[in-house]
Structures are given as C-alpha cells and as structure tokens.
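Here is how the chains run, residue by residue.
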Amino acid sequence: MSFIPEKKQNPAVKRVIGVVSGKGGVGKSMVASLLAESFASRGLKVGLLDADITGPSIPRMLGIDSFRGESDGEHLFPVENEEGIKVLSINLFNEREDEPVIWRGPLLAKAIDQFWSDTVWGDLDYLIIDFPPGTSDVVLTAFQTIPFSGIVIVATPQDYVSMIVRKSINMASMLKTPVLGVVENMRTMVCPHCGSEVALFDDGTQNGAQRMGLPLLASLPWRKDLAQSRALRWSALSSAVHKDADTMANEVELALASVSPA
Ligand SMILES: Nc1ncnc2c1ncn2[C@@H]1O[C@H](COP(=O)(O)OP(=O)(O)OP(=O)(O)O)[C@@H](O)[C@H]1O
Ligand SMILES: [Mg+2]
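Residues numbered from 1 in each chain as written. Chains lettered and ligands numbered in written order. Predicted model: local features only at pLDDT ≥ 70, side-chain atom pairs only at ≥ 80, totals over all residues.

Asker: Run through the packing of helix α1 (residues 28-41) against helix α8 (residues 239-259), naming residues and quoting values.
Answerer: Running from N to C, α1 and α8 point in directions that differ by 85 degrees, and their axes come no closer than 9 Å. As far as their axial angle goes, α8 and α1 are roughly perpendicular. The residues of α8 that touch α1, namely those facing L34, L35, E37, S38 and F39, are A245, D246, M248, A249 and V252. Partitioned by chemical class, the residues of the contact of α1 with α8 number seven nonpolar, one polar and two charged. (Axes fitted to C-alpha atoms, helices over the stretch in contact; angles between N-to-C directions. Helix = DSSP H or I, 4+ residues; strand = E, 2+ residues; numbered from the N terminus. Parallel < 35°, antiparallel > 145°, perpendicular 65-115°, else oblique. Contact = placed C-beta atoms within 7 Å. Nonpolar A, V, L, I, M, F, W, Y, C, P; charged D, E, K, R; others polar.)

Asker: Explain the site of ligand 1 to me, and be specific about the residues and the numbers.
Answerer: Every one of the 19 residues lining ligand 1 counts as a neighbour, but G24, G27, K28, S29 and M30 are closest to it. Going through the elements one at a time, α1, β9 (179-190), β11 (216-222) and α7 (224-228) are the ones with two or more residues in the shell around ligand 1. At three residues, the largest contribution of residues to the shell around ligand 1 is made by α1. Considering only residue class, the shell around ligand 1 consists of eight nonpolar, eight polar and three charged. (Near = placed C-beta within 6 Å.)

Asker: So what's going on with unusual backbone geometry? Which residues, and what values?
Answerer: With a phi angle near 55 degrees, K176 is a residue other than glycine that sits in the positive phi range. One can find K176 in the loop between α5 (163-174) and β9. On the basis of neighbour counts, which here come to 12 C-beta atoms within 10 Å, the residue K176 falls in the exposed class. (Buried ≥ 20, exposed ≤ 12 C-beta atoms within 10 Å, placed from the backbone.)

Asker: Account for the nonpolar core, with residues named and values stated.
Answerer: Ranked by size, the top nonpolar core spans 66 residues in total, and within it V19, L35, I128 and V152 carry the most contacts. Sequence-distant contacts of I128, defined by excluding residues within four places in its chain, comprise I17, V19, A32, L35, A36, V46 and L48. (Core = buried A, V, L, I, M, F, W, Y, C linked by C-beta atoms within 7 Å.)

Asker: Explain α1 to me, and be specific about the residues and the numbers.
Answerer: Between its first and last C-alpha, α1 extends 20 Å over 14 residues, near the 20 Å set by a 1.5 Å rise per residue. When you tally the buried positions in α1, you get 13 out of 14 residues, the bulk of the element. After α1 finishes, the residue G43 shows a positive phi value of roughly 90 degrees. (Expected span 1.5 Å × (residues − 1).)

Asker: Quick rundown of the pairing of strand β7 (residues 124-130)? Include the residues and the values.
Answerer: Burial within β7 is extensive, with six of its seven residues counted as buried. Where strand β1 (residues 13-20) and β7 come together, six bridges link them in parallel fashion. Each residue of the ladder has a partner; that of G18, found in β7, is I129. Note that strand β2 (residues 46-50) and β7 share five bridges and pair parallel. Within β7, the position partnered with D50 by the bridge is D130. (Pairing = 2+ DSSP bridges.)

See the structure below:
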C-alpha cells in the first residue's frame, strides 16, 4: 500500500510548476513572479498560487496588494494583474495585508488544498506555485495532492553546502515529483556604477547545480533594479531582467519537455 494519496487532477490546468528552496529569502517569490511574467508576455495563460500562507509576498511583487479576491462561499476567484496573471494569495483575502495568519500546520495545509481544488482557475497553460522555504506541512501536502509537472529549486551559492536543499530534492523524489533543475541566484552582482558583472564567490568553475547532479536552469545576478523595485511589473523591468527571465523560462520549458514529452 502506498502512503502517497491520490493527486487531485484539474484537466483545465495544463502544467503545474512548484518553486521551492531549502532556506528562506533566496529569491523564490522573485523567480516564481518572473517565470509567470515571462510566460504571460508570450500570450500564455498563467496562474500564480502563493502557497506561502504565513509570509505571502506575491500580491506586492505583482503590484496587486490593493486588490481583494472574491469568494462565493464555495469557490475562490483569483485576482488578475496587468499582464493577465491570475493570482491567489491569502493576503488577497485578509482585511489588512499586515494581519498575521495564526494557524497551525494542519490548517495551513488544508488552505493549500483549497487554493488548488476550490479556486476557479479557468484554462491555464501554466500554474506556478510559490512555496515557503523548507519541507513543512504545507509543502508536503502540496506535493502529495497537486499533480506537479515539475519543481524548480532556487538556491544561492551558500546553500549548496547545506543539507536543507537536499531535503527538498529528496522529498520531491519520494513523492514522485520531477525536479526540473536549479535556479542559482546572486552568484554574481551587476555593479550599479559600471554595469560589469562581479563574482561574489570564489569557489571554482563547477556550479552548485552540477555538484547536486541537477541541470542549471539559470544563474540570476543581483541587480539593483530588482532589489529596489517595490513591485516587479513586467512593463517597468529592464530589458536585462526580461532577458534573464525569458532565458530561465525557456530552460524550464525544455526541462519540462524532457521529463514529460508532449
Ligand atoms: N537577483 C536579485 N537581485 C536583487 N534583489 C533580489 C534578487 N533576488 C532576490 N532579491 C530580493 O531579495 C529579497 C528576497 O527575495 P524573495 O522574496 O524572492 O525570496 P524568497 O525565497 O521568496 O523569501 P521567503 O523564503 O521569505 O519567501 C526580495 O526583496 C527580492 O527583491
Ligand atoms: Mg517568498
């Protein structure tokens, strides 16, 4: 008998991609938002589910924090941002965005189940799910119930030595979820003065993704415009950020094609 419950299918959603990390603050929400925006800029139908219930950041990142989601008591309706990305986050249902969610693990996990099963997503080419860090109840429930096409691991170069990233990878494999690869964040920084790319780590040429035996999907430099933007509105981002995001999205599509050929 398997300990893995039946995954809940939604035939209207073609592909579900999870964005996870070992540690917090490594850039998951930014990667999830940039992936969603790059796909949406190609005319694809995209949803973004903020599975970080105690630390939701997607509404701010996509510039929709002043909007409110709707519910008819049975279903949840996502809010669309200016690129047409359908967003669902607990913060779209709170009166105030600084109101804390004081729930224990099982309730948090139930909320994720509802966000997936009871939301009127409509037809989507991609649903991107932005997770809290680590392998908490929420992440576990999501991996058990949502049929992921694949997950993307976000890591900074310091993380490669840690076993926390390995835990996420091992959990994915135990729950039969394909790992598409690693997005490495902030190995380099783009100097705000001269524009040259400066290496922040002296750890040789082999990247951490290779060390973990996973494909490197993208290496995103630290950029001042990303650090300072209150919201990552696609129309306001630089062409350099568009290029990074588009390259990352292309690699994710290629990786998806290799794990589940069309
Ligand atoms: N490449 C980058 N250049 C500049 N700033 C960045 C970059 N990556 C992330 N940041 C900034 O670092 C902060 C943390 O990023 P983000 O919120 O995406 O991390 P996270 O992994 O989702 O964090 P948490 O674990 O708390 O959910 C944000 O303010 C973000 O704008
Ligand atoms: Mg986040």
